[in-house]
Amino acid sequence: MIEPLVLKGFRDSLPGEEIPKKKIQRKLEDVFESYGFVPIDTPVLEYENVLLGKGGGETDKQIFHFEDNGGRKVAMRFDLTVPFARFLALHHDELAIPFKRYHIAKAFRGENPQKGRYREFIQCDFDIVGCDNAASDFEILSIMNSSFLAMGIKNVQFHVAHRGLFNDFLSSIGIEEKSVDVLRCVDKLRKIGKNEVKKLLVDITGNEEKSESILKYITSGDGHQFDETLDILSKLIGKETESLFRMRQIYSLLLQAGIADKFIYDASITRGLDYYTGIVYETFLTDIESIGSVCSGGRYNNLASLYTKENLPGVGASIGLDRLMAALIELKSPLVSDTSNADILIFPKPDETQKALKAAMDLRKMGIRTDVYLLPEKKMKAQYDYAAKNRIRHSLTFFDSSYIVKNLETRDSVTVDSLEEVASLCR
């Protein structure tokens, strides 16, 4: 006998988790498609050189890579953005530019598993490639807001910043050459706290005064409105810059759309991946911020240039479905509470199977999810156990030419004369 073990950081997904997860995916797909986005897919395995060196040193350490049976060096995708850049280089001539895509699939990272964070996880990505303007940046932010509204998640805040703006500031204090190390350090603020970040900044800059200036910059938005924070940053930098102008344009579009109150300019948001060049963002559920960001992303104007000479600036975001699910389960959200596989379960007697299958087909045409118990010779206890494990709320049995519908939660029964009446009781 082989012991049925699952690798550390990987897991099986039972129906109770998979059913609400699929419902969420369908809601997200509807939102993405309402904006004109189209689905794509890419392989789990890529050539190693396609993935290595694209996300940064820490990410490279987490990539699963190995030699395949043909002696080729291959790696498993660590996100869906880098494979997308390779995809664009390969299929550019076949695509309409600007290209708007969504991709819901698994990615893999060899990091330490923790709550809502696994080595195998699902990302829900949506990107626009071929535009570098405020309108495309805004559209991704708008989709983020629409996605959480579609999921019925109201207590959410989007934290926005701009990599270019941070680089403008670092240039103004004379340490632009250390920007990569500073950005990675600041990205750890929520994990290790302000004091530890300051120690790391002193080590990087060798200057306590400049480290204090960086801390002042990244906390400049505390207690201020989006536009007020931009004014503060302008003073810290000493001038208006192109990045500041872009953020003011985006804020104007958010105001026009009536969703500006959902967005905070948070200068501490830098994102850990090296390929970001412009606007960046993270999303927090205000009822459980400890779970971390559940939707992140930004602008990556140079990523595709690693694979093609075509100019393909991009911007996008990714919803981390596993982390979002972990948060919703902890919050006891209605979104994850309905795990039933059907609205009604038909209990036929052994000689009623054909009749039950026909009734099930008719009910499905009326939009009722209908299951038929396929072992009618079993005792009723087994049949009710089946209904309970699948969290089915109603059962149907036949009585002459009538139908008995039972609410399996209250145990109340109603006798009706038509399947249309059965359907109305299940809605």
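Refer to the preceding data block for the structure.
First things first, this report covers the structure right here in the doc.

What counts as what
- Residues numbered from 1 in each chain as written.
- Predicted model: local features only at pLDDT ≥ 70, side-chain atom pairs only at ≥ 80, totals over all residues.
- Heavy atoms only, no water.
- Pairing = 2+ DSSP bridges.
- Helix = DSSP H or I, 4+ residues; strand = E, 2+ residues; numbered from the N terminus.
- Buried < 20%, exposed > 50% of the residue type's maximum accessible area, 1.4 Å probe, protein only.
- Contact = heavy atoms within 4.5 Å.
- Polar contact = N/O pair within 3.5 Å; in protein donor to acceptor, adjacent residues only side chain to side chain.
- Axes fitted to C-alpha atoms, helices over the stretch in contact; angles between N-to-C directions.
- Arc of directions from axis to C-beta.
- Parallel < 35°, antiparallel > 145°, perpendicular 65-115°, else oblique.
- Left-handed = near helix turned anticlockwise from the far one by under 90°.
- Core = buried A, V, L, I, M, F, W, Y, C linked by side-chain atoms within 4.5 Å.
- Salt bridge = Lys/Arg side-chain N within 4 Å of Asp/Glu carboxyl O.

### Things to note about the pairing of strand β14 (residues 394–399)
- Bridge count for strand β12 (residues 344–346) against β14 is three bridges, and the pairing is parallel. Paired with L345 across the bridge in β14 is S395.
- As paired elements, β14 and strand β15 (residues 402–407) share six bridges and run antiparallel to each other. Within the sheet, the bridge partner assigned to S395 lies in β15 and is K406.
- A loop of two residues connects β14 with β15, the two strands running antiparallel in sequence, and D400 in this loop sits at a positive phi of about 55°.

### Here we look at the environment of D266
- Of note, D266 is situated in the loop between β8 (263–265) and β9 (279–285).
- With a relative accessible area of 10%, D266 lands in the buried category.
- Apart from the residues lying within four places of it in its own chain, the contact partners of D266 are H159, V160, A161, R190 and I218.
- In this structure the side chain of D266 is engaged in a polar contact, spanning 2.8 Å, whose partner is the side chain of H159.

### Digging into the sheet that holds strand β16 (residues 413–416)
- In space, the five strands of this open sheet follow the order β13-β12-β14-β15-β16, with mixed pairing throughout. Both edges of this open sheet fall to β13 (370–372) and β16, since each of them pairs with a single strand only. With direction set aside, neighbouring strand axes in the sheet form an average angle of 25°.
- As defined by bridge partners, β12 adjoins β13 across three bridges and the pair is classed as parallel. By the bridge assignment, I346 is partnered in β13 with V372.
- Helix α15 (residues 353–365) contacts β12, β13 and β14 of the sheet and is inclined by roughly 170° relative to β13.

### Looking at helix α7 (residues 179–186)
- Every buried residue of α7 is listed here: S179, V182, L183, C185 and V186. What you see down the axis of α7 is that its buried residues fit within an arc of 160°, all on one side.
- Close packing links the buried residues of α7 with α6 (163–172), α8 (189–192), α9 (194–205) and α10 (208–218).

### Section: the packing of α6 against α7
- Running from N to C, α6 and α7 point in directions that differ by 120°, and their axes come no closer than 11 Å. By the angle class used here, α6 and α7 are oblique. As α6 packs across α7, the resulting crossing turns out to be right-handed. Where α6 abuts α7, its residues R163, F166, N167 and L170 lie against S179, V182, L183 and V186.

### As for the nonpolar core
- Of all hydrophobic cores here, the largest spans 98 residues; its most connected members are F126, F148, F166, I214, Y265 and L324.
- Per-element accounting of this core gives the leading share, seven residues, to helix α5 (residues 134–150).
- Those residues in contact with Y265 that sit more than four places away from it in its chain are V160, A161, H162, L165, Y217, G221, F226, T229, L230, L233 and M247.
- Among the nonpolar cores identified, the runner-up in size contains 17 residues, and I368, L396, F398 and V422 belong to it.

### Topic: the pattern of salt bridges
- By the definition in use, this model includes 27 salt bridges.
- Linking D127 and R101 is a salt bridge whose minimum nitrogen-to-oxygen distance equals 2.7 Å. Of the two residues, D127 is situated in strand β6 (residues 120–129) and R101 in strand β5 (residues 99–108); the sequence distance between them amounts to 26 residues. Residues D127 and R101 agree in their burial class; the two are buried.
- Across the salt bridge formed by R248 and E240, the nearest N and O atoms sit 2.9 Å from each other.

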